[in-house]
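The lines below spell out each chain.
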Amino acid sequence: MHIKNLADRFIQSYGNVGDIRFFFSPGRVNLIGEHLDYNGGYVFPYAIDLGTYACVRKRNDTKINIISTNIDEKACIDLRNLEFNKEDDWANYPKGVMYMLKKEGYALNGMDILISGNLPNGAGLSSSASLEILMALIISNLFNEGKIDKFTLIKAAHRAEGEYVGVNCGIMDQFAVCMGKKNSAILLHCGSLKHEYAKFLLGDYSLVIMNTNKQRNLNKSKYNERREECGEALKIIKRNKNIGSLCNLTIENYEELESLIKDEGIRKRAKHVVYENDRVKRAYEYIRNDKIEEFSKLLIESHESLKNLYEVTGKELDTIVEEALAFESCIGAKMTGAGFGGCAIAIVLKDRVNDFIEKIGRKYRTEIGYYANFYLTGSGEGALEIF
Ligand code: GLA
């Protein structure tokens, strides 16, 4: 929805009585480094230019109204009661952020909010982190003179998702959504939150996001199970080597110690983590040196590992990635995000992109029985107030 239409809709819903402020918060794509954030490893995401818009106006009481144009629903929250309530459904994400920031002593008062997003929900592009960071930034700019530092916003949003909504995710999504930079990807070390930007321009190639339209719900998925399996692997390794997280292991360390892990499933999870972490570091160097072909090969290896070792892909993601790789001008493809459905990415020669989308779309539809969607987005800024 265009910002002008959004403002009209805001006035229609809440009346024309005071200044409206505008915000945008992006989604993210992770290039490589899946399921490493909660293992203290490297990830390599970027903020995309699809995301969630908001119009906001202060109120003089403790009520927060949020209308979403996407699902045509209104949530009414009272700041005097910010406890989690299952019935609040999607509104628990912004509510969780309010809860966390208020608990930390930040100022917060009533607001009327209209939100509208162009990110597909539950598709692995971080629609929930986009909404959380949007809320955190609104609270900072409206009530705290924009002075809450970005790490505090990221951590509050992350805690809202983990401790409040109950999805035990890592910190990558909130970080990427908040810290994105135009035409850049972020190499983030999740153990220390140290990060560096790399220019992310693919020359003759484009990155195509492929949405399998296979919905996944992180609550119900095996996400938390994978985390536990990694915890188990860490416990076993720690008996012999004093490490803080699985990603502290080099490939050589891992190979010396892997026989200690007797359970094959758990061994496979740990192997993915260690090798994937090594791939991220190489991928970063390749991108910095414009070695797009070499970088793309690592994406293929990453998907193989997520399929065979981490076992988080599934028929839809595997089909779309296989079909993409069978297209002669596609040099790399992998799932992105948690897996179990959602989106994959492909690196495709620029002037073959239309052909690619048409062919892969048709093949996917024949094999899976429903449509895939394709998006071409650039890498954009992290969350910001517009104007
Ligand atoms: C989801 C989580 C992230 C991360 C990815 C997998 O997107 O929210 O924290 O673990 O899955 O890389």
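Preceding this paragraph is the structure being described.
Residues numbered from 1 in each chain as written. Predicted model: local features only at pLDDT ≥ 70, side-chain atom pairs only at ≥ 80, totals over all residues. Heavy atoms only, no water.

Caption draft 1: Up close: the overall build of the chain. When helices and strands are tallied, the chain shows 11 helices and 13 strands. Its C-alpha atoms give the chain a radius of gyration of 21 Å, within 12% of the compact-globule value 21 Å for 387 residues. In terms of overall dimensions, the chain has a C-alpha envelope of 65 × 55 × 40 Å along the principal axes. When each of the 387 residues of the chain is scored for burial, the buried share is 58%. Intrachain contacts of the chain at a sequence separation of at least 6 include 73% that bridge at least 24 residues. Carbon and sulfur atoms form 45% of the exposed surface of the chain, whose accessible area is close to 16,500 Å². Where the 52 positive side-chain charges of the chain centre and where its 53 negative ones centre are 3 Å apart. (Helix = DSSP H or I, 4+ residues; strand = E, 2+ residues; numbered from the N terminus. Rg over C-alpha atoms; globule rule 2.2 N^0.38 Å. Buried < 20%, exposed > 50% of the residue type's maximum accessible area, 1.4 Å probe, protein only. Contact = heavy atoms within 4.5 Å. Areas by Shrake-Rupley, 256 points an atom, 1.4 Å probe, with all protein chains shown as cover. Lys, Arg positive; Asp, Glu negative; His and termini not counted. Charge placed at Lys NZ, Arg CZ, Asp CG, Glu CD.)

Caption draft 2: Expanded view of the site of the ligand. Close to the ligand lie Arg28, Glu34, His35, Asp37, Tyr38, Cys169, Gly170, Met172, Asp173, Tyr223, Gly337 and Ala338. Gly170 is positioned with one of its backbone polar atoms (N or O) 2.9 Å from an oxygen atom of the ligand. Residue Tyr223 places a side-chain N or O atom 2.6 Å away from an oxygen atom belonging to the ligand. Within the complex, 98% of the 310 Å² of free accessible area of the ligand lies under protein. Tallied by class, the residues present in the shell around the ligand amount to 5 nonpolar, 3 polar and 4 charged. (Near = heavy atom within 4 Å. Polar contact = N/O pair within 3.5 Å; in protein donor to acceptor, adjacent residues only side chain to side chain. Nonpolar A, V, L, I, M, F, W, Y, C, P; charged D, E, K, R; others polar.)

Caption draft 3: Layout of the state of the cysteines. Scanning the entire structure with this criterion turns up 0 disulfides. Left without a disulfide partner, Cys330 is nearest to the cysteine sulfur of Cys343, which lies 15 Å away. Assessed through its relative accessible area of 6%, Cys330 is described here as buried. (Disulfide = S-S within 2.5 Å.)

Caption draft 4: Inspection of unusual backbone geometry at higher detail. Positioned with a positive phi, Asp89 is a non-glycine residue whose angle comes to about 50 degrees. Inspection of the secondary structure puts Asp89 in the loop between β5 (73-78) and α2 (92-103). Taking the relative accessible area as the measure of exposure, Asp89 reaches 48% and is therefore partly exposed. Look at Phe340: it is not a glycine, yet its phi comes out positive at around 60 degrees.

Caption draft 5: Layout of the packing of aromatic side chains. Counting across every chain of the model gives 12 aromatic pairs. Relative to Phe200, the ring of Tyr46 lies with its centre 5.0 Å away and its plane at 35 degrees, an arrangement referred to as tilted. Of this pair, Tyr46 sits in strand β3 (residues 45-58) while Phe200 sits in the loop between β8 (194-199) and β9 (205-211), and the two are 154 residues apart along the sequence. Its relative accessible area of 7% is what places Phe200 among the buried residues. Every member of this aromatic cluster is reached through a ring pair, and the members are Phe84, Tyr99 and Tyr164. One Lys or Arg, Lys181, reaches over the ring of Tyr197 and ends 4.1 Å from the middle of that ring. (Phe/Tyr/Trp six-rings, centres within 6.5 Å; stacked < 30°, edge-to-face > 60°. Lys NZ or Arg CZ within 6 Å of the ring centre and 35° of its normal.)

Caption draft 6: Summary view of the sheet that holds strand β7 (residues 184-189). Judged by pairing direction, the sheet is antiparallel, and its 3 strands sit side by side in the order β2-β7-β8 without closing on themselves. Taken across any chain shown, the strands that pair with only one partner, and hence form the sheet edges, are β2 (42-43) and β8. Here helix α5 (residues 172-179) sits on the sheet in contact with β2, β7 and β8, set at roughly 140 degrees to β7. (Pairing = 2+ DSSP bridges. Axes fitted to C-alpha atoms, helices over the stretch in contact; angles between N-to-C directions.)

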